[in-house]
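Here's the letter readout for the chains.
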Amino acid sequence: MTPILLTPGPVTTSEHVRRAMLQDSGTWDDDYLSLTQNVRSQILQLATKDVADFAVVLLQGSGTYAVEAALSSMVPRTGTLGILINGAYGERMLDIAQRCNIPTEVLRIAESSPLSRVHIVKLLANNPNLTHVALVHCETTTGIINPIIELAGEMRNRGITLIVDAISSFGGYALDMNQLGIDILIGTANKCLQGVPGIAFVVARRKCLEKAEGHPVSLSLDLAAQWREMEQHPGKWRFTSPTQVLQALAAALAELEMEGGVGERARRYQANHDALVARMRSLGYATLLRDSCQSRIVTTFLYPHPQFDFGVFYKRLKARGFLIYPGKTTLADTFRIGHIGAVDVAVMDRVADAVGEIGMAHALLPT
């Protein structure tokens, strides 16, 4: 039995996407080069309507590879990076910055609280030397959604480069980088775009990429060099690319268009979230976050009892065909169930039925 992935990525993919990987391709072949360019163009159009001033750089690897490429390539050694943190992925950006010796200033808030304009103002007031600010749009540590319109709006016209980790939200939330004032956005194939793992990407203002030339600290994660290669030799990657993964991403992007675009996908994800949370609450499972800051990507549920055994619960759900995630927050004992991927409300009802069948008494530690 093929399991259904109810995680914030990787996600359950359609048969159409999986079948796209059955063909082998050569990285120098004209058809493959055209496919690369088409994928770049489609991602760019999802990121902004003002496409002339922006470019998409594809990278081999997970979303974290793209985060590291963006930070190490785009923040010069003469710059200072501010990071707003309310979860593990903000902490990961800090880890990357420190390993790359990027001068960094941090403002942390509780994992259960969304970032706000107040936090941006405080970070900037305390650190007037900042040249770049980075934050996470959807922190899947808890499933919180940070109000990107408010946050980006506060950064506009300050002369500071805004970097947004949209790895878990791109394709599931409508964003326009130019309208919002986002300079650099990081995404991946295997979350709301519903592709498979293996390709991440950075969408950036061309002027930011031009400024980045000459100072990256990594060979393979040199974002400006990858961009130049794809611009000067259209569709060419510097190093061997994951050809089947790109084919799957192209198929996934076609599916997104057939679904009606990001707006329709967002509505499906929201319906998934609403249906699952209503059912789980009726079964006695409380959510960690307030509804007002809960994303449509993944929901964190509190253990229903001090003796709750997640290992038993996980195995019994897996036996019924569902894979979920353990909790990641430090605030409480939790587990997470995702709403994204090639799933719908009927699947949410099925997983809730499975949770009901297991029952709390069958997922408790022995007394």
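For the structure itself, consult the block above.
Cut-off values and rules
Residues numbered from 1 in each chain as written. Predicted model: local features only at pLDDT ≥ 70, side-chain atom pairs only at ≥ 80, totals over all residues. Heavy atoms only, no water. Phe/Tyr/Trp six-rings, centres within 6.5 Å; stacked < 30°, edge-to-face > 60°. Helix = DSSP H or I, 4+ residues; strand = E, 2+ residues; numbered from the N terminus. Buried < 20%, exposed > 50% of the residue type's maximum accessible area, 1.4 Å probe, protein only. Lys NZ or Arg CZ within 6 Å of the ring centre and 35° of its normal. Pairing = 2+ DSSP bridges. Axes fitted to C-alpha atoms, helices over the stretch in contact; angles between N-to-C directions. Contact = heavy atoms within 4.5 Å. Parallel < 35°, antiparallel > 145°, perpendicular 65-115°, else oblique. Left-handed = near helix turned anticlockwise from the far one by under 90°.

Novice: Describe the packing of aromatic side chains, and please don't skip the residues or the numbers.
Specialist: Within the structure shown, the criterion is met by 11 aromatic pairs. The interplanar angle of 25° and the centroid separation of 6.2 Å between the aromatic rings of Phe310 and Phe335 together place this pair among those described as stacked. Residue Phe310 is located in helix H12 (residues 310–319), and its partner Phe335 is located in strand S14 (residues 334–338); the two are separated by 25 residues in the primary sequence. The residues Phe310 and Phe335 share a single accessibility class, namely buried. Taken together, the ring pairs connect Tyr285, Phe301, Tyr303, Phe308, Phe310, Phe313, Tyr314 and Phe335 into an aromatic cluster. Positioned above the aromatic ring of Trp28 is the side chain of Lys236, whose terminal nitrogen or guanidinium carbon lies 4.5 Å from the ring centre. Between Arg296 and the ring centre of Tyr173, over which it is positioned, the NZ or CZ distance is 4.0 Å.

Novice: Summarise the sheet that holds strand S2 (residues 54–60); cite the residues concerned and give the values.
Specialist: Note on sheets: strands pair through backbone hydrogen bonds, and any given pair is parallel or antiparallel. Pairing in this open sheet of seven strands is mixed, and the strands run S2-S10-S9-S8-S5-S3-S4 from one edge to the other. Strands at the two margins of the open sheet, each flanked by one partner only, are S2 and strand S4 (104–108). Strand after strand, the sheet turns through a mean of 20° between neighbouring axes, direction not considered. Its contacts with the sheet put helix H2 (residues 30–47) on S2 and strand S10 (199–205), and the angle it makes with S2 is roughly 125°.

Novice: Outline the packing of H2 against helix H10 (residues 243–259), listing residues and values.
Specialist: Close contact between H2 and H10 brings their axes to 10 Å; oriented N to C, the two are set at 45°. One way to sum up the angle between H2 and H10 is to call them oblique. For the pair H2 and H10, the crossing hand works out as left-handed. Residue-level contacts link Tyr32, Leu35, Thr36, Val39, Gln42, Ile43 and Leu46 of H2 to Thr243, Leu246, Gln247, Leu249, Ala250, Leu253, Ala254, Leu256 and Glu257 of H10.

Novice: How would you sum up the pairing of S14? Please name residues and give values.
Specialist: For S14, a buried count of five out of five residues is recorded, marking the element as mostly surrounded by other parts of the structure. Residues Thr334, Arg336 and Gly338 of S14 are buried on one face, and the alternating residues Phe335 and Ile337, pointing to the opposite face, are buried as well. Bridge count between strand S11 (residues 298–302) and S14: five bridges; the pairing is antiparallel. Paired with Val298 across the two strands is Gly338, which belongs to S14. With two bridges joining them, strand S13 (residues 325–326) and S14 adopt antiparallel strand pairing. Its bridge partner lying in S14, Pro326 is registered against Phe335.

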